[in-house]
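Commentary on secondary and tertiary structure
Now for the letters of each chain:
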Amino acid sequence: MIHEPARPGILVVDDDRNTRDGLKRALQRDYRVLTAEGGERALEILDGNAVDILLADVRMPGMDGLTLLQRALVRQPRLICILLTAYGNVETAVEAMKRGAYDFLMKPVNLDHLDLLLKRALRSSAMESENLSLRRELDEKFGLENIVGQSAPMQALFDTIRQAAPTQATVLIQGASGTGKELVAHAIHRLSTRSRGPFVAVHCSALAPTLLESELFGHEKGSFTGAAGRRRGRFEMADGGTLFLDEVSEIDAAVQVKLLRVLEERTFERVGGNEPVDVDIRLIAATNRDLKTLVQEGSFREDLFFRLDVVTITLPPLAERADDIPLLCDHFLREACRKNAKTIDGLTPDALHLLTAYSWPGNVRELRNTIEKMVVLARGPRLTARDVPRNIVEEVRGPGAVSRGTLLPAAAPASLAGAEKQLIFDALKRHGNNRTRAAQELGISRRTLHRKLKQYREHDAAS
Ligand SMILES: Nc1ncnc2c1ncn2[C@@H]1O[C@H](COP(=O)(O)OP(=O)(O)OP(=O)(O)O)[C@@H](O)[C@H]1O
Ligand SMILES: [Mg+2]
């Protein structure tokens with residue numbers, strides 16, 4: 001017996017019986033065809049049946065096709081909707097596309113054209129749902145939109161991002177340097193309805209106040225020395241998309257006033273101009289300072305703070321989400337291996353232990369750089385405790401402890417210099433005088449080791 005794959009379901013909605021029957025006859029070989037003579041009935045059918053495609057006439061008595069389209073998409077956001085319009089009615093067709101129709105067809109319907117359109121629509125929808133489920137799977141495994149993390153604070157953060165992203169609300173992202181603020185800003189943009197629009201970032205501390213103003217708002221020709229022509233500012237460039245103001249605490253008082261006005265009125269003038277410019281942007285701001293404190297100190301306007309502080313996202317320091325460190329290590333390890341064309345299988349448990357116990361003052365950025373450095377310098381197939389930078393080992397295990405098993409020499413030396421010397425000779429002995437390996441274990445460069453040995457030789461010769 002031949003197993004027939006489930007045929008896609010099409011709902012044909014038209015008040016004209018001949019059109020309904022004609023389409024049904026033409027489509028029923030490849031599709032399960034349902035029909036309705038109006039919008040109300042069509043919605044009932046949608047509620048009780050599996051329908052992949054809605055094919056509806058625009059002009060119908062009672063509920064028209066555009067309204068049906070809108071209501072149908074509320075029930076089934078992934079429904080493929082194709083509207084049939086009278087010849088020449090372009091405005092309706094455009095309106096249909098704006099409201100989420102997949103495409104439209106002119107009446108009378110060309111059946112070959114319809115056939116192609118349906119096949120294309122089904123293909124792209126299958127691809128989309130495959131992408132969607134793949135992406136969801138990846139998100140669940142690693143985090144959200146390239147933000148790696150599974151710890152409780154990160155899960156809560158993902159929930160906030162998912163909630164805030166589709167809205168138009170201004171978002172303020174706070175957190176210490178290297179915690180991932182820019183990454184979060186990107187994620188919000190990508191998950192928003194503006195994801196097809198531009199994402200424009202401005203690093204506010206990088207520019208002097210006058211330059212920042214013209215960078216943000218643009219300028220007219222000749223508005224200041226060096227302003228050769230009219231220039232669009234970042235606000236205009238971000239029209240229809242997201243504007244990301246990084247290090248927003250560094251904006252000086254005059255620009256703060258202008259920024260406040262744009263946020264209130266969504267309009268501004270270019271520097272040296274008086275023609276108002278309207279923009280449609282979503283603002284995301286980030287800072288590694290505590291804005292509230294800056295408001296109390298009087299260096300940041302309170303009214304601007306309230307405008308920015310609609311949705312606040314605070315990124316915890318990495319040390320407060322140590323659960324995520326193994327996952328992040330794995331992520332950065334792969335990244336560094338790809339980038340440096342290396343193959344490293346992973347980290348040994350004691351290396352991972354050191355990295356998990358360290359305080360990470362530079363947060364995720366420091367972890368990323370550390371892993372990259374370890375990958376570049378690694379000799380073996382895995383990263384071991386010996387590959388972990390000295391400052392990390394010392395913080396975790398106390399000063400002098402360079403690597404496990406090589407703590408302090410047995411006989412207590414009389415001085416710090418003596419202890420160092422003994423450590424060095426012990427390490428050399430363990431490695432059969434291999435200086436490279438001894439230096440590696442000690443966490444110093446080969447050159448430093450050479451210098452030290454030379455010093456000892458000179459000192460011994462002199463005494
Ligand atoms: N959760 C995370 N998952 C994966 N990569 C991350 C994560 N958090 C940060 N990173 C990476 O760490 C680096 C620093 O992140 P980012 O630039 O977003 O930090 P920031 O908070 O904006 O820092 P700064 O205040 O210094 O500008 C980037 O390379 C980023 O990709
Ligand atoms: Mg940043």
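The preceding data block contains the structure.
Scope of this entry: the structure provided in the associated data block. Everything numeric in this text was worked out from a predicted model, so none of it was measured.

The next subject is the site of ligand 1. Lining the immediate surroundings of ligand 1 are 17 residues, of which Val148, Ser177, Gly178, Lys181 and Arg368 lie closest. Take Ser177: an N or O atom from its side chain is 2.6 Å from an oxygen atom of ligand 1. At the level of elements, β7 (147–148), α7 (181–190), α13 (325–340) and α15 (363–377) are the ones that each hand at least two residues to the shell around ligand 1. Across the shell around ligand 1, the residue classes break down as seven nonpolar, six polar and four charged. Each of two domains, domain 2 (148–316) and domain 3 (319–404), supplies a minimum of three residues to the shell around ligand 1.

Residues of helix α18 (residues 435–442) that are buried: Ala438, Ala439, Glu441 and Leu442. The arc enclosing the buried residues of α18, seen along the axis, measures out at 165 degrees, which places them on a common side. Where α18 begins, the capping side chain belongs to Asn434, and its oxygen is found 3.0 Å from the backbone nitrogen of Thr436. Phi for Gly443, located one or two positions after α18, is positive at around 75 degrees.

Before going further, it helps to examine the pattern of salt bridges. Inspection of every chain in the model, using the stated rule, returns 27 salt bridges. Between Arg75 and Asp47 there is a salt bridge whose closest N-O contact spans 2.6 Å. Of this pair, Arg75 sits in helix α3 (residues 65–75) while Asp47 sits in helix α2 (residues 39–48); the two residues are 28 residues apart in sequence, bridging distant segments of the chain. Between Glu220 and Arg230 there is a salt bridge whose closest N-O contact spans 3.1 Å. Here Glu220, found in the loop between α8 (209–217) and α9 (234–237), pairs with Arg230, found in the loop between α8 and α9; they are 10 residues apart in sequence, far enough to count as distant. Accessibility expressed as a relative area gives 14% for Glu220, which makes it buried. It is possible to trace a salt-bridge network through shared partners that takes in Glu220, Arg230, Glu236, Arg270 and Glu275.

Looking now at the packing of α8 against helix α10 (residues 253–265). At a minimum axis separation of 10 Å, α8 and α10 run at an interaxial angle of 20 degrees. Relative to α10, α8 is oriented roughly parallel. Here α8 runs over α10; the crossing is left-handed. Here Pro209, Leu212, Glu213, Leu216 and Phe217 of α8 come into contact with α10, specifically with Val255, Lys258, Leu259 and Val262. When grouped by side-chain class, the residues that make up the contact of α8 with α10 number seven nonpolar, no polar and two charged.

On to helix α4 (residues 90–98), then. Of the residues making up α4, those classed as buried are Thr92, Ala93 and Ala96. Looking straight down α4, one finds its buried side chains confined to an arc of 100 degrees; they lie on one side. In α4, the exposed positions angled more than 90 degrees off the buried face are occupied by Glu91 and Lys98. Tucked into the core, α4 has its buried residues touching α3, β4 (80–85) and β5 (103–106).

So, about the nonpolar core. Grouped together as the largest cluster of nonpolar side chains are 31 residues, with contacts concentrated most on Phe235, Leu243, Leu245 and Leu308. Listed by contribution, the elements that provide at least two residues to this core are β9 (199–203), α8, β10 (242–246), α10, β13 (282–287), α11 (291–297) and α12 (302–308). Counting residues per element, this core draws most heavily on α10, which supplies five residues. Residues in contact with Phe235, not counting those within four places in the same chain, are Leu216, Phe217, Leu243, Leu259, Val262, Phe268, Val279 and Ile281. Counting 27 residues, the second-largest nonpolar core is a separate cluster that includes Leu318, Ala351, Leu383 and Ile392.

Analysis parameters
Every chain is numbered independently, its residues counted from 1 as its sequence is written. Chains carry letters from A onward and ligands carry numbers from 1 onward, assigned in written order. The predicted nature of this model means local features are confined to residues of pLDDT at least 70 and side-chain atom pairs, given and counted, to a pLDDT of 80 or more, with totals for whole chains, interfaces and linings taken over all residues. Side-chain descriptors were evaluated using all non-hydrogen atoms of the structure, hydrogens and water having been removed beforehand. Residues are classed as near a molecule or strand on a simple rule: at least one heavy atom within 4 Å of it. N or O atoms closer than or at 3.5 Å make up a polar contact, with two conditions inside protein: a donor-capable atom paired with an acceptor-capable one, and, for residues adjacent in sequence, both atoms drawn from side chains. Going along the chain from the N terminus, every DSSP run of H or I of four or more residues is numbered as a helix, and every run of E of two or more is numbered as a strand. Ten residues, namely Ala, Val, Leu, Ile, Met, Phe, Trp, Tyr, Cys and Pro, are considered nonpolar, four, namely Asp, Glu, Lys and Arg, are considered charged, and the remaining ones, Gly among them, are considered polar. Delimitation of the domains relies on an automatic or database domain assignment. Only protein chains enter the area calculation, which uses a 1.4 Å probe; residues under 20% of their type maximum are buried, those over 50% are exposed, and those in between are partly exposed. Regarding the arc, it is the one traced by the directions from the helix axis to the C-beta atoms. Between Lys or Arg on one side and Asp or Glu on the other, a salt bridge is scored when a side-chain nitrogen of the former is within 4 Å of a carboxyl oxygen of the latter. Angles here are taken between N-to-C directions and fall from 0 to 180 degrees, while the axes themselves are lines fitted to C-alpha atoms, restricted in helices to the stretch in contact. When describing relative orientation, an angle under 35 degrees is termed roughly parallel and one over 145 degrees roughly antiparallel, while 65 to 115 degrees is termed roughly perpendicular and anything else oblique. Left-handed is the label given to a crossing in which the near helix is rotated counterclockwise from the far helix by less than a right angle, and right-handed is the label when the rotation is clockwise. Working rule for contacts: check all heavy atoms of both residues, and any pair within 4.5 Å makes them a contact. Only buried residues count toward a nonpolar core, which is a set of Ala, Val, Leu, Ile, Met, Phe, Trp, Tyr and Cys residues joined through side-chain atoms within 4.5 Å.

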